[in-house]
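One letter stands for each residue in the lines below.
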Amino acid sequence: MRKVVGLCLGLFIVGALAGATPRYGGTLTIAMEYDPSSLDPLVMTDTPASNVFMHVAEALFRLGPGGELEYLLAKSFESSEDGLVWTFYLREGVKFHDGTPFNAEAAKWNLLRFRDKASFGPTLVKAITDIEVVDDLTMKVLLKEPFAPLLVHLAHSFTGFLSPTAVAAGVNHPVGTGPFVFVRWIPGTELVLERNPNYWGEGPYLDRLVFLPIPEGGTRVMKLLAGEIDATTVVPPDDVPIVRADPKTDVVIIPSLTIQYVGMNCQRGPLANPLVRQALNYAIDKQEIVDFVFGGFATVAAAPFSPGVFGYHAPGPYPHDVEKAKALLAQAGYPNGFKTTLRYNPGWRTLGAEVIQAQLKVVGIDVELISMEWGSYLDFTNRPVDRSETDIYMLGWSTVTGDADYTLYSLFHSTQFAPAGSNRSFYKNETVDALLTAGRTTPNPELREQYYAQAIELIWNDAPWVFLLNPDHRYGVRTNVRGLVFHPNFTIQAHRAWLDN
Amino acid sequence: MFSYVVRRLLLAIPVLLGVVTLVFLALRLIPGDPALIMAGEAAPQEVVARIRTQLGLDRPLAVQYGIYIWNLVRGDLGESVRTRRPVTQELGFRLPATLELASASMAIAVVLGLTAGIISATRQYSILDYATMVGALVGISIPVFWFGLMAMWIFSVRLGWFPVGGRGTLRHLVLPAITLGAMATGMIARMTRSSMLEVLRQDYIRTGKAKGLTERSVNLRHALRNALIPVVTVVGLQFGGLLAGSVLTETVFTWPGVGRLMVDSITNRDYPVVQGAVLVIALVFTAVNLLVDLAYSFVDPRIRYD
């Protein structure tokens, strides 16, 4: 049972095979790196927020173990031939924590408010033009053009529904329909949820769920070893053996939906030449970074996003080949290399950048490392293309919806040049643009997969990034915890977790 | 004395105004857009622009400053950009935690540091003296991160005497207070020792010994009291350091203090919280300075404030 790596899509449920009878009661305490930035879905952006919010509020769907759609507040749905009208039949008898009934009116109000006011609104539900309430439990969602990822976007936890009554009354914590009820949040100290006794589905075993923000990795590990917490995110690679050595604690390693990449400005200097960008992909030994910086808890990237995502297609990885890199540089007109800059924000990237600098030196590329604090870094890489001074930069991206569109469109479509979107490499390929647009407007999944495979081949060849690695999640957990779900999308789900003696 | 205190309090106003103005400008001069950080790296431009307007960051700097100062005068520190809660509420919770930790550390540092310094000075060049001074040097130079984690490992994980982190009971306070106080303890010990040594060479000490006073009475009543002035100065300075420099300790022990709040808020460009936190720390710092100056006159009656 111990140290089993999650299969295929990497979801992991601790103690799922133990087969004991679940025990009711108790408090499960989970440590996270940070406090949520907010619990207001209009301004939430981060994983800690998602972790907490998904226990309190529920969306129409959620992504299940294999990345498949599971019904939450939607009971069923159908779509018109042209994919422009989606009818959702909602679950009956569901009430928000304040007693307000959940119905089509509430769902409509929530979705339109999210679309118009939320940070993630444009990314997730911009495609919705309007919503019609058919009857108490039926609504029609209208689109301007077909939008294939609609359902997985409606499974994003940020779209979880809040009680309109509570929002109107100005309640400043989430009041949803979820299995846990918000109790209190003292930032920097603790965030407490309590079991919802009136939950519509199979309710939780736990009485309480507590989240603690603990930024220092060593402290999280000590707390776990001392039994003060039951589970933690992000065990530092060096501490994995210590946690495994203790019979009362264990480390769960699962692949993530994240890619770490080294972006290159496709519109500036020598890097504007695809041959040069390919040369960098050959020159950088990704495996060394996996081993040296990630302690082996990562996989060299073979595609622009991680395996397990819909539309995954792997043309790579680029092998480590110094001679090939030198040949490509010579062919591009830089036989003696060139000078450039690499910007990054501190953290593991400090070490990663140093490794990359040393590796590029071998092929004659002289890299100046520039470390930037996160806020300045975002600002710098977000400048429009005509004012951009970015050469090489390091960033990561998580395909939280489990759908290729979420990553490819935002990062490689030429309409998404920063600052409008997240294409910070200023990559532009008209064929890729057409394929990505087709990918999001074609309902047929097989066709979509074909489009994405073609697009990925082109992106791989144009190499706007050095495709670095897919990191693993490293969770720490006490061995008496059962049924806790570690999802590849970086959430911890305690809906059906319980504590063994 | 009273008029002196009033004068000092009035003088604090321009100091504080200077502090808030500097912080206000510094925050806006460093690169980094609060709206962009808040919206996240994945956010489309329209969202960033909307947040910027919501936060009032699209207005001219002078207007923003005017609004800020006007609200400040009315006691309104604004609202956190992240949590949307009043800054006074954020600080109201964090400040007691910081004061508690700083006071406990200072108490430990004063008791341990004075004792060590006195022992060292009265037994100069003995093994005890060397041992104490090496100990003081270690206390000053040991990295807080390492010391904190080691203390946790030994006393919490291995021995189970204290909780690993968090704030609550007195037991929660012990390890962070010792960790944070280590440096101040070393400084006070060294300062007490050198100051004592100087005083012990004075004629009146020899006179005291000659007229048959006990060693104890000479050391504590005559030498220590005269040696305290530089020590009080160090205590005052160190207390300020404990307030503002507790970030590492707070991080290791997950102590919900102002230091961590400030660092997090700088990272997030949460302007109102940073401004509020700096203002509050400046206030406490000013108050501590005043108290130290007043303490001089108690230690040395020759010093008077008129």
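What counts and how
Residues numbered from 1 in each chain as written. Chains lettered and ligands numbered in written order. Predicted model: local features only at pLDDT ≥ 70, side-chain atom pairs only at ≥ 80, totals over all residues. Heavy atoms only, no water. Helix = DSSP H or I, 4+ residues; strand = E, 2+ residues; numbered from the N terminus. Buried < 20%, exposed > 50% of the residue type's maximum accessible area, 1.4 Å probe, protein only. Contact = heavy atoms within 4.5 Å. Axes fitted to C-alpha atoms, helices over the stretch in contact; angles between N-to-C directions. Parallel < 35°, antiparallel > 145°, perpendicular 65-115°, else oblique. Left-handed = near helix turned anticlockwise from the far one by under 90°. Buried area = accessible area lost by both parts, 1.4 Å probe. Salt bridge = Lys/Arg side-chain N within 4 Å of Asp/Glu carboxyl O. Polar contact = N/O pair within 3.5 Å; in protein donor to acceptor, adjacent residues only side chain to side chain. Core = buried A, V, L, I, M, F, W, Y, C linked by side-chain atoms within 4.5 Å. Domains from an automatic or database assignment.

Caption draft 1: Expanded view of the side chain of Asn382(A). For Asn382(A), the position within the fold is in the loop between α12 (374-381) and β18 (392-398). By relative accessible area, which is 11% here, Asn382(A) ends up buried. Among residues more than four places away in sequence, those in contact with Asn382(A) are Ala418(A), Pro419(A), Gly421(A), Arg424(A) and Leu36(B).

Caption draft 2: Inspection of the packing of helix α13 (residues 404-412) of chain A against helix α15 (residues 445-462) of chain A at higher detail. Residues and elements named next belong to chain A. As a packed pair, α13 and α15 sit with axes 12 Å apart at the nearest point and diverge in direction by 40°. Considering their axes alone, α13 and α15 lie oblique with respect to each other. When the axes of α13 and α15 are compared, the crossing they make is left-handed. Each of Ala404, Asp405, Leu408 and Phe412 in α13 lies in contact with α15, whose residues at this interface are Arg448, Tyr452, Ile456 and Ile459.

Caption draft 3: Inspection of the interface of chain B and chain A at higher detail. At the junction of the two partners, chain B supplies 39 residues and chain A supplies 42 residues. Approximately 3,400 Å² of surface area, both sides summed, lies buried where chain B meets chain A, with 58% of it carried by carbon and sulfur atoms. The interface formed by chain B and chain A holds two salt bridges in total. Between Arg269(B) and Glu373(A) there is a salt bridge whose closest N-O contact spans 2.7 Å. The tally of links between chain B and chain A comes to 10 residue pairs in polar contact (both at pLDDT 80 or more).

Caption draft 4: Region of the structure containing unusual backbone geometry. Residues and elements named next belong to chain A. At the junction of Gly316 and Pro317, the peptide bond is cis and its omega measures out at 0° in the coordinates. Looking at the element boundaries, Pro317 is found in the loop between β15 (298-300) and α10 (322-331). Note that the residue after Ala418, namely Pro419, is joined by a cis bond; omega there is 0°. By secondary structure assignment, the location of Pro419 is in the loop between α13 and α14 (430-441).

Caption draft 5: Highlighting the nonpolar core. Counting 106 residues, the largest nonpolar core has Leu60(A), Phe88(A), Phe102(A), Met139(A), Leu280(A), Met394(A) and Leu408(A) as the members making the most contacts within it. Counting contributing residues, this core receives three or more from each of domain 1 (2-177 + 479-499) and domain 2 (258-472) of chain A. Counting residues in hydrophobic clusters, the runner-up holds 39 residues, among them Leu101(B), Leu114(B), Leu200(B) and Leu294(B).

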